[in-house]
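Listed below are the residues making up each chain.
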Amino acid sequence: MNIQKPVSSIYGNWKEKFSSQWASVLEALKNQFPEAIEEVLLPESHPVDIPTFFVSKAGSLAVLRELKEVHGFSFLTDYTASDEGGQKRFHLIIHLMNLSSKARIRMKIQLSEQETFPTLIPLWEGANWAEREIFDMFGIRFDGHPDLRRILMDVRWEGHPLRKDYPLRGYQVFLTPEPIDPELFK
Amino acid sequence: MSKDGASDFFTTKLEDMVNWARKHSLFPLPFGTSCCGIELMSTLASGYDMARFGAEVVRFSPRQSDLLIVAGIVNLKMAPVLRNIYDQMADPKWVISMGACASSGGIFNVYSVTQGIDTVVPVDVYVPGCPPAPEGLLNGLLRLKEMIAHGETHSQRRERALKESGA
Amino acid sequence: MNHENSRNFKVDAPLDIARWGFPATYDVTLKKDSDDIFEDSKVLVNIGPTHPAMHGAFRCMARLNGEVIEKSVSEFGYTHRAKEKLGENRTYHQFVVYTDRLNYCSALANNVAYAMSVERLMGIEVPERAIWIRMMCAELARVIDHLICVGINAVDLGAFSYFLYGYHQRERAYTLIEKLCGARLTTSYTRIGGLMGDAPEGWEREVKEWVKETRDVIDEMDRLLTENRIWLKRTKGVAIFNKEDCLKYSYTGPNARAAGLDIDLRRDQPCMFYDRVEFDVPVAQTGDVFDRYYVRLEEIRQSLNILTQCADRIKKGPIWSEDKRTRIPEKERVYNTMEGLIHHFKFFMTGFDVPTGEAYTPFEAANGELGFYIISKGGPSAHRMRIRSPSFWHYQGLDPMIQGEYIADLVAALGSINVIAGELDR
């Protein structure tokens, strides 16, 4: 694919710089969690820019903790989801960065429509709002989240806008301002 | 005009004088939500200086202002808030819709965006542009002043209609 | 909830005005309803969504004990414009205009970041002149963004003339940007694989003149405010967000560097020609409002250095890549040949196909790491267009940042982290 072509003049050549580190991290993870790592897509063989690996839901928290505490991927760059359709409809997508080498890595978790996922707040407190946004936009619920409310849309909104079946122009009109939950200030 | 005409003649002149006073002392409430808010700031700042047209004293309380400048996007979560603010302003009041987002939704015809704030509040002057240059806003302001002098704004027409119906 | 009902002032006996002490019979009890959010001496304050001190449309509700914030809850979404959904419904070229409205204080930097991310996904190389112009755009955007941030932060704390100094320079920069692309604020200057148009003759020279002027203005602004006693009292040690907090909440950009978290993608993962220019990365240690202000002021100076270096090195040359897939057909061909017209029509009506793949492209925008994560499944529009905006993560840190601070310092803290509503809500 085209992405394999090094685009050094636009962006630093990550593949040359980090491929040994990526390989060692993925090797260690595969040895430690043989049943959790489902699939690994490498930039050498797939159209991705950084290694992307699928992790089972059960083993994902352990893998993330290992990545954070042992391999130094301690910076949660991005946490989002995508609607892929099919049986395992949603992909949770987590981007991590290593603060010393600045290598990045991408981890995905496949979830079906009704499945929930444990919250990442114990690992990164910043995951709080990202999870609220995923809940708002895709309707994925997070177990153990302290305050799983809608974040961008009105709390009275129905449906989840970034799902593929939500229409682009699905307006919902409210005549009064958004109500505040007094429980928030207790 | 009534049959003898005397008092009506005087009233019209008074109204003209009041309108003349009104048009020279506008107190804008900047309802700046996004990009247009930055251009509104440009208009207020030293380069374009809205003070030249007598509308520089920005009031952030709806009770103290009579000109609502809606600068930027008003989405469906914000629309009831905008209506609340408009209702809190004392009559007579004027609304300038600044920019494409406020006037029609602009390039954002999506689930979360109000397609024009005239579905929420009555608008007197629309200023096109995304965002309008400060000259555009100043032109809109001058247009509004003309309208106030002639009593053409929504608020004044409403006032007149109430007077005529005897309420 | 009705305010009168929630506080039940019960007077057992008529108040004896002659006794000026506090009579034992005078009993003020606070009725505790189930929905009573006023607890004893606690007051709930709501700021926003249309408050002058909130820059843009967001909301912060705080429970106060006296003047101290005990707990605050931040709300946003009042300018949500569904840009991620639009990214799935618009072609790649059409989406350029939506990137302007992300961080509208520095629209050029967003354009550059977006164009770079699609080019990276397609494997397109951009000619040298285009890259230098893009770098200048990004740095120009950074300067004017920081100018408005420090200016508004000062206005909120009462220094209005300081803002006018910065804003005047910003207006001069608008003139430069107008010469480049015809627009002041929402520029839409980059195209995928190139630029909208070449920079006009002598533009670099004008930028250099502007840089010289701005350097003097920045020094003047520095002298005007930085050692002002009131300013120091309002900002030093206020709203501290240290390095550990920054790591927890994924802070990037000047806000992280003010707390000693030394990351700058321009230096650490150089894109474009950032490895060919010399600049320093200012890092402070405390992470209070003053540090965030001063790091930004210093970054303006560094960006001005980069601008001068770019202006010196820029050479004449093409601004469009050799790749024909994304190249907008030349007007001469469109107006004079049938094939050119058909090409033009097809190009703008259906767009171009991007091969299957996914890429996350980070860019050091004015506020921090702005990333575009694009999943393409072929076809002219993205399958998923994720925008990783720095303001989203910065605003999340506001609640822990202002806990235990005075309510007046909320304004200082919010101004100093420079949350932009368009980027926050997307």
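Every chain is numbered independently, its residues counted from 1 as its sequence is written. Labels follow written order: the first chain is A, the first ligand is 1, and so on. Residues qualify for local features only when their pLDDT is at least 70, as the model is predicted, and side-chain atom pairs are given and counted only at 80 or more; totals for whole chains, interfaces and linings, by contrast, use all residues. Hydrogens and water are ignored here; the side-chain numbers use all heavy atoms of the structure.

J.: So what about helix 4 (residues 107–122) of chain C? Which residues, and what values?
T.: All names here are of chain C. Comment: elements are numbered from the N terminus, with helices defined as DSSP H or I runs of at least four residues and strands as E runs of at least two. A helix is expected to span 1.5 Å multiplied by its residue count minus one. For helix 4, with 16 residues, the first-to-last C-alpha span of 23 Å sits near the 22 Å given by 1.5 Å per residue. Among the 16 residues that make up helix 4, 16 are buried, leaving the element largely enclosed by the rest of the structure. Gly123 lies just past helix 4 and shows a positive phi near 75°. Using a 1.4 Å probe on the protein chains alone, a residue whose accessible area is under 20% of its type maximum counts as buried, one over 50% counts as exposed, and one in between counts as partly exposed.

J.: How would you explain the sheet that holds strand 6 (residues 357–364) of chain C if you had to name every residue and give the values?
T.: Residues and elements named next belong to chain C. Here three strands make up an open sheet; going across it, the order is 6-7-8 and the pairing antiparallel. In this open sheet, the two edge strands, each paired with only one partner strand, are strand 6 and strand 8 (384–388). Neighbour-to-neighbour, the strand axes of the sheet open up by a mean angle of 10°, direction not taken into account. Paired strands, in this sense, are two strands between which DSSP finds at least two bridges. Note that strand 7 (residues 369–376) and strand 8 share five bridges and pair antiparallel. Bridge pairing in strand 8 links Tyr373 to Arg386. Lines fitted to the C-alpha atoms define the axes, with helices restricted to the stretch that makes contact. Angles between their N-to-C directions range from 0 to 180 degrees.

J.: Which residues make up the interface of chain B and chain A, and what values go with them?
T.: Only heavy atoms enter the contact rule, under which two residues are in contact if any of them lie within 4.5 Å. Every contact between the two is made by eleven residues of chain B and, on the other side, 20 residues of chain A. Each reported salt bridge corresponds to a side-chain nitrogen of Lys or Arg within 4 Å of a carboxyl oxygen of Asp or Glu. The interface formed by chain B and chain A holds one salt bridge in total. What qualifies as a polar contact is a pair of N or O atoms within 3.5 Å, subject to a donor-acceptor requirement within protein and to the restriction that residues adjacent in sequence count only when both atoms come from side chains. Connecting chain B to chain A are four residue pairs in polar contact (both at pLDDT 80 or more). Class assignment for the residues of the side of chain B that touches chain A results in six nonpolar, four polar and one charged. Polar here means any residue outside two lists: the nonpolar Ala, Val, Leu, Ile, Met, Phe, Trp, Tyr, Cys and Pro, and the charged Asp, Glu, Lys and Arg; Gly therefore counts as polar.

J.: A description of the interface of chain A and chain C should follow, citing residues and the corresponding values.
T.: Between chain A and chain C, the contact holds 61 residues from the first and 73 residues from the second. When two parts are put together, the accessible area they lose, computed with a 1.4 Å probe and summed over both, is reported as buried area. Note on chain A versus chain C: buried area summed over both sides is about 5800 Å², and carbon and sulfur give 55% of it. Our enumeration of links across chain A and chain C arrives at twelve salt bridges. Between Glu88 of chain C and Lys164 of chain A there is a salt bridge whose closest N-O contact spans 3.2 Å. Applying the counting criterion to the chain A and chain C interface returns 28 residue pairs in polar contact (both at pLDDT 80 or more). Elements supplying a minimum of two residues to the side of chain A that touches chain C: helix 1 (14–32), strand 3 (75–83), strand 4 (90–97), strand 5 (104–111) and helix 3 (127–138) of chain A. Tallying contributions element by element places strand 3 of chain A first for the side of chain A that touches chain C, with nine residues. The residue inventory of the side of chain A that touches chain C, partitioned by class, reads 33 nonpolar, ten polar and 18 charged.

J.: Kindly report on the pattern of salt bridges, identifying the contributing residues and their values.
T.: Residues and elements named next belong to chain C. Within this structure, the stated rule accounts for 56 salt bridges over all chains. For the salt bridge of Arg134 with Glu119, the shortest nitrogen-to-oxygen distance reads 2.8 Å. Of the two residues, Arg134 sits in helix 5 (residues 128–156) while Glu119 sits in helix 4, which places them 15 residues apart along the sequence. Neither residue differs from the other here; Arg134 and Glu119 are each classed as buried. Bridged by salt links that share partners, the residues Glu139, Arg142, Arg257, Asp264, Arg266, Glu299 and Glu364 form one connected network.

J.: Now, about the side chain of Arg163 of chain A: what can you tell me, with residues and values included?
T.: Assignment of secondary structure puts Arg163 of chain A in the segment after strand 7 (141–143). Reaching out from Arg163 of chain A, the side chain makes a polar contact with the backbone oxygen of Phe138 of chain A at a distance of 2.7 Å. In this view, Arg163 of chain A contacts Asp83, Arg89, Phe90, Glu113, Met137, Phe138 and Gly139 of chain A together with Lys85 of chain C; residues no more than four positions away in its chain are not counted.

J.: Give a detailed account of the sheet that holds strand 3 (residues 68–75) of chain C, specifying residues and quantitative values.
T.: Residue and element names in this part refer to chain C. If you trace the three strands from one edge of the open sheet to the other, you get 1-2-3, paired in antiparallel fashion. Here the strands that pair on one side only, and so sit at the sheet edges, are strand 1 (42–47) and strand 3. For this sheet, the mean angle separating the axes of adjacent strands, direction not counted, is 20°. Judged from the six bridges that link them, strand 1 and strand 2 (residues 59–65) form a sheet pairing that is antiparallel. Of the residues in strand 2, the one forming a bridge with Ile47 is Cys60.

Nothing here speaks to function; it is geometry throughout.
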